[in-house]
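# Architecture at a glance
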Amino acid sequence: MKPTQVACLLAGLCFSLALWGGTPRRSAHPKPKARHRKVAPAAPGKGRNRHRKAVAAPSPRHGSKPIPLAPPAPAPIRDPQVLAPFFRDLEEVRREGRTVRILHFGDSHTAADFWTGRIRAQLQARYGDGGPGLILPGRPWRGYHHDGVDLQEGLHWPADSLRSRTCEGWVGLTGASLQAPAPDSLFRLQSACPEARVQLLGAGAPQGEGLAPERLASMEVEGRLLQVFQVKAAADGTLAFGIPPGTALLGVDLRSGHPGVIYDELGLNGAELLDQEKARPELRKALLQELHPDLVVLAYGTNDLGRTDLDPADYRQRVQKILTEFRQESGAPVLVIGPLDRVGRQRRQVARLRVAGGQVIQALREAAHASGCAFWDARAAMGGPGTLVRWRRQGLAQRDLVHLTGPGYQKLGDLLLEALRAAQAADR
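So, here is what we can say about the structure in this document. Just so it is clear, the model here is predicted, and its values are computed rather than measured.

### Let's talk about the packing of helix 4 (residues 115–127) against helix 10 (residues 406–427)
Between helix 4 and helix 10, the shortest axis-to-axis distance is 7 Å and the interhelical angle comes to 45°. Of the possible angle classes, the one that applies to helix 4 and helix 10 is oblique. Taken as a pair, helix 4 and helix 10 cross one another with a handedness that is right-handed. Contacts between helix 4 and helix 10 involve Trp115, Arg118, Ile119, Gln122, Leu123, Arg126 and Tyr127 from the first element and Tyr409, Gln410, Leu412, Gly413, Asp414, Leu416, Leu417, Arg421 and Gln424 from the second. Of the residues contributing to the contact of helix 4 with helix 10, the split by class is eight nonpolar, four polar and four charged.

And the structure:
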């Protein structure tokens, strides 16, 4: 073979590798590692981040360098016709000036509001900012954070959650509830929202100087009183209030008062989808109907596939029941998101997680289809099993090979948005 032919052959091979994303294992000029990259917090009590103050992921709204939009998702949404009512609602935001609400439930991937914060920012930039949505104004676990809200007082109020062994299910849609440690204890937060709706379980009303709460709803749920009050924030956006002793705070719903999108982050560190079995169905139904969502997103599975006692058939059956309940209680389309890739750091763990990942994803996909829900495979969208190692090398995943960094969650948000746009285009 002539030298010119060899050169052409090598050039063609390099072009093919570049086209399909192939890279050599070693480079003569490796890129320097980022030394000050902000990362999303790991699960509480685990890893080196357990005492670190939560830091919001970079966001275009805060002047950070924007991350380029990801290419079209390799994993399309399955049963996208389920989402047709949601897509119609989005179109009505522009025509009729209404508000569209999306409730995003999940585990620690959701809880720090990195992933959901990216999706919220993109949707609100396009359709309008309806507000941050439902939050807990305290910090029920380390790393709790919500983009656009400054939590100032009440950060250490006693909390109960679906992850507690003693939980009896009296929690809000955030998966947790808060109690006042003393009669004169106050929450204090600051946001850009002029109004908020406070959800209380028990007698009494929100208390505070000049607060003037207006009760919007009151109902009995399994022998306990559920109340919703509307309160006004101060001119600078500060909202301060206390609650009566013996009353549980289930959530504070922050609304901008303008048409657009409200994207609620409802993540719970360490949560499994089966934890929803502990929730009080009647209370959850009342709270869902109070928020009247246009779409419910359930993003679980990372902690489920870590179980050593996983029975795929039993898991699928129980998940199907939960999904059916959510769809009926909310009256909204439901999008189920499969777990992100999870690798593990030991050889035996790597093999077990890969098998369990396939079992959990298959069970979620089948349960979603059987219960009339849409499904999106996040692991496939990331690149498939084992792809988290590559994400780690690119600075998109943390050392625990479970969680992503801030830029990683932003990329994951872009992948989900691309899948939603593709499904919306097909629906037209």
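Don't stop here, the text continues.
### Thoughts on unusual backbone geometry
Positive phi is not limited to glycine here, since Asp113 has a value of about 65°. By secondary structure assignment, the location of Asp113 is in the loop between helix 3 (108–111) and helix 4. A positive phi angle is found at Leu401, which is not glycine, with a value near 55°. If you trace the backbone, Leu401 turns up in the loop between helix 9 (387–393) and helix 10. Taking relative accessible area as the criterion, Leu401 reaches 11% and is therefore assigned buried.

### What about the nonpolar core?
Within the largest apolar cluster, 47 residues are counted, with the highest numbers of intra-cluster contacts made by Phe105, Leu173 and Tyr315. Taken together, the elements giving at least two residues each to this core come down to strand 1 (99–106), strand 11 (248–255), helix 5 (281–291), strand 13 (295–299), helix 6 (312–330), strand 14 (334–337) and helix 7 (347–370). In terms of residues, this core owes the most to one element, helix 7, which gives eight residues. Leave out the neighbours within four places in its chain, and Phe105 touches Thr110, Leu173, Leu266, Gln276, Leu288, Val296, Val297, Leu298, Ala299, Tyr300 and Phe326. By size, the runner-up hydrophobic cluster in this structure holds 44 residues, among which are Leu83, Phe114, Ala299 and Val343.

About the cut-offs
- Residues numbered from 1 in each chain as written.
- Predicted model: local features only at pLDDT ≥ 70, side-chain atom pairs only at ≥ 80, totals over all residues.
- Heavy atoms only, no water.
- Axes fitted to C-alpha atoms, helices over the stretch in contact; angles between N-to-C directions.
- Helix = DSSP H or I, 4+ residues; strand = E, 2+ residues; numbered from the N terminus.
- Parallel < 35°, antiparallel > 145°, perpendicular 65-115°, else oblique.
- Left-handed = near helix turned anticlockwise from the far one by under 90°.
- Contact = heavy atoms within 4.5 Å.
- Nonpolar A, V, L, I, M, F, W, Y, C, P; charged D, E, K, R; others polar.
- Buried < 20%, exposed > 50% of the residue type's maximum accessible area, 1.4 Å probe, protein only.
- Core = buried A, V, L, I, M, F, W, Y, C linked by side-chain atoms within 4.5 Å.

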